[in-house]
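Observations on the model geometry
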Amino acid sequence: EAQVTQNPRYLITVTGKKLTVTCSQNMNHEYMSWYRQDPGLGLRQIYYSMNVEVTDKGDVPEGYKVSRKEKRNFPLILESPSPNQTSLYFCASSLGPGKETQYFGPGTRLLVL
Amino acid sequence: DAKTTQPPSMDCAEGRAANLPCNHSTISGNEYVYWYRQIHSQGPQYIIHGLKNNETNEMASLIITEDRKSSTLILPHATLRDTAVYYCIVRVRYNFNKFYFGSGTKLNVKP
C-alpha cells in the first residue's frame, strides 16, 4: 500500500533532550516536506526537500534540522527541543515537478515539557 | 505564490451541495488553484486542482471564474464525513518551493 509513515505517533519529552521523528514513503517520491500545525496558526511548512541531499527552509525552520540521505526517508531532528515546539507534525511527499499532489503521513503529536 | 482568502466557516445540510469559495485576486497566469481538506487532525488530503478550466473528479468540482480571481469548490452531495477544514492554495506548478496552506474554511455538514 502506497503510504507515508511517521514514527513515533505520540511523544512526550523534556526540554533539551534531542529527538528525531522519522518519515518514510514507499512511492519513490522526489519531494518531501515537514509541517507543523498549531491551533489558530494552521499548517506551516518547516523544511522541504526536492531530492536526495537537496533541502531548503520553509516558513518556520528555527530549532529544526532535516536530512535527506535516501530518497524514501526524511527525518526531522530537534537538537534541543523547547516547549514552543509542542505541536502536531506532518510529513508529506509528492512525485515531482508537475505532480505536486502531496500525500500526508498520519501525524506525530509532540509534547515538550 | 498568490494569497488566498476563505471564509472561516460554513454550514451545509447533509445531501445538499456544498459550495466553498476562495478569493485569489492577485493570482498570476502560471499559478494553479489547489484544494486540500483535513478531517479532524488527520493529514491533509488532496481534492482537486485547476488552472483556468473547470475541473471535476470523483470527489468534487472546481469552478474558476473567467478572470481567475476566485474559485469555488463544489461537493455535490455533502455527507457528514465531508465535515473538515478545506484549504485553497494557489501556487506555481513545476515550482518546488514553499507550500502555503492558509487558515482554510471549516465546513460543518449537519444532518
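Here goes a summary of the coordinates provided.

Reading the values: the criteria
Residues numbered from 1 in each chain as written. Chains lettered and ligands numbered in written order. Predicted model: local features only at pLDDT ≥ 70, side-chain atom pairs only at ≥ 80, totals over all residues. Heavy atoms only, no water. Helix = DSSP H or I, 4+ residues; strand = E, 2+ residues; numbered from the N terminus. Polar contact = N/O pair within 3.5 Å; in protein donor to acceptor, adjacent residues only side chain to side chain. Pairing = 2+ DSSP bridges. Axes fitted to C-alpha atoms, helices over the stretch in contact; angles between N-to-C directions. Core = buried A, V, L, I, M, F, W, Y, C linked by side-chain atoms within 4.5 Å. Buried < 20%, exposed > 50% of the residue type's maximum accessible area, 1.4 Å probe, protein only. Contact = heavy atoms within 4.5 Å. Disulfide = S-S within 2.5 Å. Salt bridge = Lys/Arg side-chain N within 4 Å of Asp/Glu carboxyl O. Phe/Tyr/Trp six-rings, centres within 6.5 Å; stacked < 30°, edge-to-face > 60°.

Notes on the side chain of His 29 of chain A
Along the chain, His 29 of chain A falls in the loop between β3 (19-25) and β4 (31-38). One polar contact links the side chain of His 29 of chain A to the main-chain amide nitrogen of Ser 94 of chain A, over a distance of 3.4 Å.

Considering the sheet that holds strand β4 (residues 45-50) of chain B
The strands making up a sheet are joined through hydrogen bonds of the backbone, oriented either antiparallel or parallel. All names here are of chain B. Pairing is mixed across the open sheet formed by 5 strands, whose spatial order is β1-β9-β8-β3-β4. If you trace the sheet from one side to the other, it starts and ends with β1 (9-13) and β4, each paired once. Taken over all neighbouring pairs, the strand axes of this sheet differ in orientation by 25 degrees on average, direction set aside. Here β1 runs beside strand β9 (residues 105-110); their pairing, made up of 5 bridges, is parallel. By the bridge assignment for β9, Asp 11 is matched with Asn 108.

Some thoughts on the nonpolar core
All names here are of chain B. Of all hydrophobic cores here, the largest spans 21 residues; its most connected members are Leu 20, Trp 35, Leu 73, Leu 75, Tyr 86 and Leu 107. Secondary-structure elements contributing two or more residues to this core are β2 (18-23), β3 (31-38), β4, β6 (61-64), β7 (70-75), β8 (84-92) and β9. When residues in this core are grouped by element, the largest group, 4 residues, is from β8. With residues up to four places along the chain from it excluded, the contact list for Tyr 86 reads Gln 6, Leu 20, Trp 35, Tyr 36, Arg 37, Ile 47, Leu 73, Leu 75, Gly 104, Thr 105 and Leu 107.

Points about the state of the cysteines
All names here are of chain B. All chains considered together, the criterion is met by 2 disulfides over all chains. Disulfide partner of Cys 22: Cys 88, at an S-S distance of 2.1 Å. Torsion about the S-S bond of the Cys 22 and Cys 88 cystine: about -80 degrees, corresponding to left-handed handedness. Of this pair, Cys 22 sits in strand β2 while Cys 88 sits in strand β8; the two residues are 66 residues apart in sequence, bridging distant segments of the chain. Using a relative accessible area of 3% as the deciding quantity, one classes Cys 22 as buried. Accessibility expressed as a relative area gives 1% for Cys 88, which makes it buried.

Quick look at the pattern of salt bridges
It is possible for side chains bearing opposite charge to pair when their charged atoms get close. For the coordinates displayed, the defined rule picks out 6 salt bridges over all chains. For Lys 65 of chain A, the salt bridge is made with Glu 79 of chain A, and the minimal N-O distance between the two is 2.9 Å. Pair noted here: Lys 65 of chain A is in strand β7 (residues 65-66) and Glu 79 of chain A is in the loop between β8 (76-78) and β9 (87-94), with a separation of 14 residues, a long-range link. With a closest N to O distance of 2.8 Å, Arg 37 of chain B and Asp 82 of chain B form a salt bridge.

Some points on unusual backbone geometry
For the bond running from Asn 7 of chain A to Pro 8 of chain A, omega is -5 degrees, close enough to zero to count as cis. Relative to the helices and strands, Pro 8 of chain A is located in the loop between β1 (4-7) and β2 (10-13). In the Ramachandran plot, Glu 53 of chain A falls in the positive-phi region, its phi being about 65 degrees despite a non-glycine side chain. Under the relative-accessibility criterion, Glu 53 of chain A is labelled exposed at 61%. Of note, Arg 68 of chain B is a non-glycine position whose phi angle comes to about 65 degrees, a positive value. By the secondary structure assignment, Arg 68 of chain B is in the loop between β6 and β7.

Observations regarding the packing of aromatic side chains
Applying the stated rule across the entire model yields 11 aromatic pairs over all chains. Between Phe 90 of chain A and Phe 104 of chain A, the aromatic rings sit 6.4 Å apart at their centres with planes inclined by 80 degrees, giving edge-to-face as the arrangement. Residue Phe 90 of chain A is found in strand β9, and its partner Phe 104 of chain A is found in strand β10 (residues 103-104); the two are separated by 14 residues along the sequence. The residues Phe 90 of chain A and Phe 104 of chain A share a single accessibility class, namely buried. With a centroid separation of 5.8 Å and an interplanar angle of 75 degrees, the aromatic rings of Tyr 36 of chain B and Tyr 46 of chain B are classed as edge-to-face. Of the two residues, Tyr 36 of chain B is situated in strand β3 and Tyr 46 of chain B in strand β4; the sequence distance between them amounts to 10 residues. The exposure class of Tyr 36 of chain B is buried, given its relative accessible area of 0%. The partly exposed category is assigned to Tyr 46 of chain B, whose relative accessible area is 21%. Through successive ring pairs, a cluster of aromatic residues spans Tyr 35, Phe 90 and Phe 104 of chain A together with Tyr 36, Tyr 46, Tyr 87 and Phe 101 of chain B.

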